[in-house]
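Residues per chain are reported as follows:
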Amino acid sequence: MSHEPEPYRIKVIEPIRKTSPEERRRIIKEAGYNLFAVPSEDVFIDLLTDSGTSAMSDRQWAGLMVGDEAYAGSRNFFNLRDAVGRVMGFPFVIPTHQGRAAEHVLFSTLVKPGQVVPNNMHFDTTKAHVEHRGARAVNLAIDAVYDPVSHNPFKGDMDLDKLEAFLKTKVGPDGTARAEVPMVMVTVTCNSGGGQPVSLANLRGVRQVADRYGVPVFIDAARFAENAFFIKEREPGQQGRSIADIVKEMFSYADGCTMSAKKDALVNMGGFIAMRSEELYRLATVWAVLFEGFITYGGLAGRDLEAMARGLEEVLSEDYLRDRIGQVRYLGQQLLDAGVPIIEPIGGHAVYLDAKRFLPRIPQDRFPAQALTVELYIEGGVRGVEIGTVLEGSDPATGENIYPTLEMVRLAIPRRVYTSRHMDYVADVVKRVHARRDSVRGLKFTYEPPVLRHFTARFEPA
Ligand SMILES: *Cc1c(COP(=O)(O)O)cnc(C)c1O
């Protein structure tokens, strides 16, 4: 992929400030060596997440001015419903304040205690919401997704043999697996697997297997457009199609979806559930009213719905997607060229540093990926996020760390926010830390919260 310039002009800017290394040493120490505790104004390049951090377009900002703040039936709701219909092909839409709220409403409607939900790989809030319903979440992605250097073009695919074997054991007296398995979910792109795409052939296969066992299919659609771009680029026979056409086919294999609009709808807040069945829609609206407000606003203002409706169609632009995925790749390739270990192939929304290979001398109980986030901050004011032992948590019974296979630092790239010069800078910062990697020390806890420890834990150098 050649590196074309960004396909937009910048007409609003937000100044960012670069602190000195001395200031950053003081700030990170005060923050207990946890980047979540650093104020964003003290961060120079913020790659903590690609969620809700997108820059909206002039068309989206203009949409805020036509926000109709009606409690029921605002024109913006109908615009959103129509956009979802055109883009995804689902006639029924319930807005929610973000993606996990869509999960909350949908799973309250469909998932019962004792059931099991298979997914290629659950996103963490999706897993938590399945478990909140008293059900179990199982991941059935192909094995390649666990191998940091496998070059499978569709590492996010569901393992269809595993899915079939799984559903076979759940068949009840009615001849379907429906009583035990309320739905099969497919996450596109596979976020927890590094932003790796799922192929059309695989989605079609999931549909066929699920049909044999009478189970509905839902897509966790947060990065549906990025997934479609990979399909166009990599899947045999797809090169001549438009992104819009590929997206339509992806969703044609599903009964509905949950959407975090903070990703591929290019907004700062929002989400929705979309579906084909009017009956399911009616059942879900009950929970939507209870948790999210009236069924045509879902915790959002009319202006937010309008920005979401506009973003959903904007994101289908191939020029935009080529730039977006190209920028992630541009950063990742510079690191690969410099011999920095990263997860390959480079995913759609982030570059993942492989901390086990980056800092092989730091044992996992000294949190090498957390230590690496601290060094990137001290070196250049870059904020990434640990996806390793700290995030994985500890066994509630024994208090011992659970050690994940992959120990990573995720550098998530916000959409349309930074230029390629910012990426050059980030690459330089990572390379400088890599050059002095033997001097990096591990960390130990000074405070370990009992649950979701990564957000509020505090550390000191070991
Ligand atoms: C972000 C995300 C969610 C949850 O959405 P929020 O808007 O953060 O609540 C669910 N699934 C995937 C794949 C995500 O990336």
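What you are looking at is a predicted structure, and each value in this text was computed from that prediction instead of being measured.

Some points on the site of the ligand
No. 1: Around the ligand, the surrounding shell holds 15 residues, and the nearest of these are Gln98, Arg100, Asp220, Ser260 and Lys263.
No. 2: Within the contact set of the ligand, an oxygen atom lies 2.8 Å away from a side-chain nitrogen or oxygen of glutamine 98.
No. 3: Serine 260 places a polar side-chain atom, nitrogen or oxygen, 2.7 Å from an oxygen atom of the ligand.
No. 4: Expressed as a share of its isolated accessible area of 380 Å², the protein-covered part of the ligand is 98%.

Details of the pairing of strand S12 (residues 408-412)
No. 1: Extensive coverage of S12 is indicated by the burial of five of its five residues.
No. 2: Of the two faces of S12, the one lined by Met408, Arg410 and Ala412 and the one lined by Val409 and Leu411 are each fully buried.

Description of helix H10 (residues 278-292)
No. 1: A rise of 1.5 Å per residue sets the reference length of H10, with its 15 residues, at 21 Å; its end C-alpha atoms lie 19 Å apart and thus fit the reference within 8%.
No. 2: By the largest-angle criterion, alanine 284 marks the main kink of H10, which is about 25°.
No. 3: All of the buried residues in H10 are Leu280, Tyr281, Ala284, Thr285, Ala288 and Glu292.
No. 4: Of the surrounding secondary structure, the elements contacted by the buried residues of H10 are strand S2 (92-96), helix H4 (99-110), strand S6 (217-220) and strand S8 (271-275).
No. 5: N-capping of H10 is provided by serine 277, with a side-chain oxygen placed 3.2 Å from the backbone N of glutamate 279.

Comments concerning the domain arrangement of the protein chain
No. 1: On domain assignment, one finds that the protein chain holds domain 1 (21-50 + 318-461) and domain 2 (58-314).
No. 2: Each of domain 1 and domain 2 was reduced to a C-alpha centroid, and the two centroids are 28 Å apart.
No. 3: Contacts between the two partners involve 23 residues from domain 1, matched on the other side by 28 residues from domain 2.
No. 4: Summed over both partners, the interface of domain 1 with domain 2 comes to about 2100 Å²; 53% of that surface belongs to carbon and sulfur atoms.
No. 5: The interface formed by domain 1 and domain 2 includes seven salt bridges.
No. 6: Lysine 232 is paired through a salt bridge with glutamate 318; the nearest N and O atoms lie 3.1 Å apart.
No. 7: Across the domain 1-domain 2 interface, the total number found is 15 residue pairs in polar contact (both at pLDDT 80 or more).
No. 8: Where the side of domain 1 that touches domain 2 is concerned, the elements lending two or more residues are helix H12 (318-337) and strand S9 (350-354).
No. 9: If you tally residues by element for the side of domain 1 that touches domain 2, the top one is H12, at seven residues.

Things to note about the packing of aromatic side chains
Both the distance between ring centres and the angle between the ring planes are used here to describe each pair of aromatic rings.
No. 1: Evaluation of the coordinates by the stated rule reveals twelve aromatic pairs.
No. 2: Their ring planes at 35° and their centres at 5.9 Å tell us that tyrosine 71 and phenylalanine 294 sit as a pair that is tilted. With tyrosine 71 in the loop between helix H2 (58-64) and helix H3 (75-88) and phenylalanine 294 in the loop between H10 and helix H11 (302-314), this residue pair connects regions lying 223 residues apart in the sequence.
No. 3: The exposure class of tyrosine 71 is exposed, given its relative accessible area of 56%.
No. 4: Their ring planes at 80° and their centres at 5.7 Å tell us that phenylalanine 90 and phenylalanine 251 sit as a pair that is edge-to-face. Residue phenylalanine 90 is located in the loop between H3 and S2, and its partner phenylalanine 251 is located in helix H9 (residues 243-252); the two are separated by 161 residues in the primary sequence. Take phenylalanine 90 and phenylalanine 251: they sit in the same class, and that class is buried.
No. 5: Taken together, the ring pairs in this structure connect Tyr71, Phe294 and Tyr297 into an aromatic cluster.
No. 6: Sitting above the plane of the phenylalanine 123 ring, lysine 263 keeps its charged end 5.4 Å from the centroid.

Side note on the pairing of strand S3 (residues 116-119)
No. 1: Across the two faces of S3 the burial is the same, with Val116 and Pro118 and Val117 and Asn119 all buried.
No. 2: Note: S3 against strand S4 (residues 136-139), four bridges, orientation parallel. What sits directly across from valine 117, in S4, is alanine 137.
No. 3: Between the parallel pair S3 and S4, the chain is carried across by helix H5 (residues 124-132), and the sense of this crossover is right-handed.

A word on the environment of isoleucine 94
No. 1: Note on placement: isoleucine 94 falls in strand S2.
No. 2: Under the relative-accessibility criterion, isoleucine 94 is labelled buried at 0%.
No. 3: It is 6.6 Å that separates the C-alpha atoms of isoleucine 94 and threonine 296, two residues lying 202 residues apart in sequence.
No. 4: Once residues lying within four places of it in the same chain are set aside, the contact partners of isoleucine 94 are Phe272, Ile273, Met275, Tyr281, Ala284, Thr285, Ala288 and Ile295.

Some remarks on the side chain of arginine 24
No. 1: Take arginine 24: it is sitting in helix H1 (residues 21-30).
No. 2: No salt bridge is formed by the buried arginine 24; the nearest opposite charge belongs to glutamate 23, separated by 6.7 Å.

Quick look at H3
Along an α-helix, residues three or four positions apart point the same way, because every turn accommodates 3.6 residues.
No. 1: Here H3 spans 20 Å end to end across 14 residues, near enough to the 20 Å set by a 1.5 Å rise per residue.
No. 2: Residues of H3 that are buried: Asn76, Phe77, Leu80, Ala83, Val84, Val87 and Met88. Looking straight down H3, one finds its buried side chains confined to an arc of 125°; they lie on one side.
No. 3: Buried-residue contacts for H3 involve S2, helix H8 (224-234), H9, strand S7 (256-260), S8 and H11.
No. 4: Note on H3: the residue one or two positions beyond its end, glycine 89, has a positive phi of about 85°.

Considerations on the pattern of salt bridges
No. 1: This structure, assessed with the given rule, holds 37 salt bridges.
No. 2: Put simply, lysine 162 and aspartate 143 hold a salt bridge, and the shortest N to O gap is 3.0 Å. Remark: aspartate 143 occurs in the loop between S4 and helix H6 (160-168) and lysine 162 occurs in helix H6; sequence separation between them is 19 residues.
No. 3: We classify lysine 162 as partly exposed; its relative accessible area is 29%.

What counts as what
Residues numbered from 1 in each chain as written. Predicted model: local features only at pLDDT ≥ 70, side-chain atom pairs only at ≥ 80, totals over all residues. Heavy atoms only, no water. Near = heavy atom within 4 Å. Polar contact = N/O pair within 3.5 Å; in protein donor to acceptor, adjacent residues only side chain to side chain. Areas by Shrake-Rupley, 256 points an atom, 1.4 Å probe, with all protein chains shown as cover. Buried < 20%, exposed > 50% of the residue type's maximum accessible area, 1.4 Å probe, protein only. Helix = DSSP H or I, 4+ residues; strand = E, 2+ residues; numbered from the N terminus. Expected span 1.5 Å × (residues − 1). Bend = angle between axes of the 7 residues up to and from the residue. Contact = heavy atoms within 4.5 Å. Domains from an automatic or database assignment. Buried area = accessible area lost by both parts, 1.4 Å probe. Salt bridge = Lys/Arg side-chain N within 4 Å of Asp/Glu carboxyl O. Phe/Tyr/Trp six-rings, centres within 6.5 Å; stacked < 30°, edge-to-face > 60°. Lys NZ or Arg CZ within 6 Å of the ring centre and 35° of its normal. Pairing = 2+ DSSP bridges. Right-handed = clockwise from strand over helix to strand, strands pointing away. Lys, Arg positive; Asp, Glu negative; His and termini not counted. Arc of directions from axis to C-beta.

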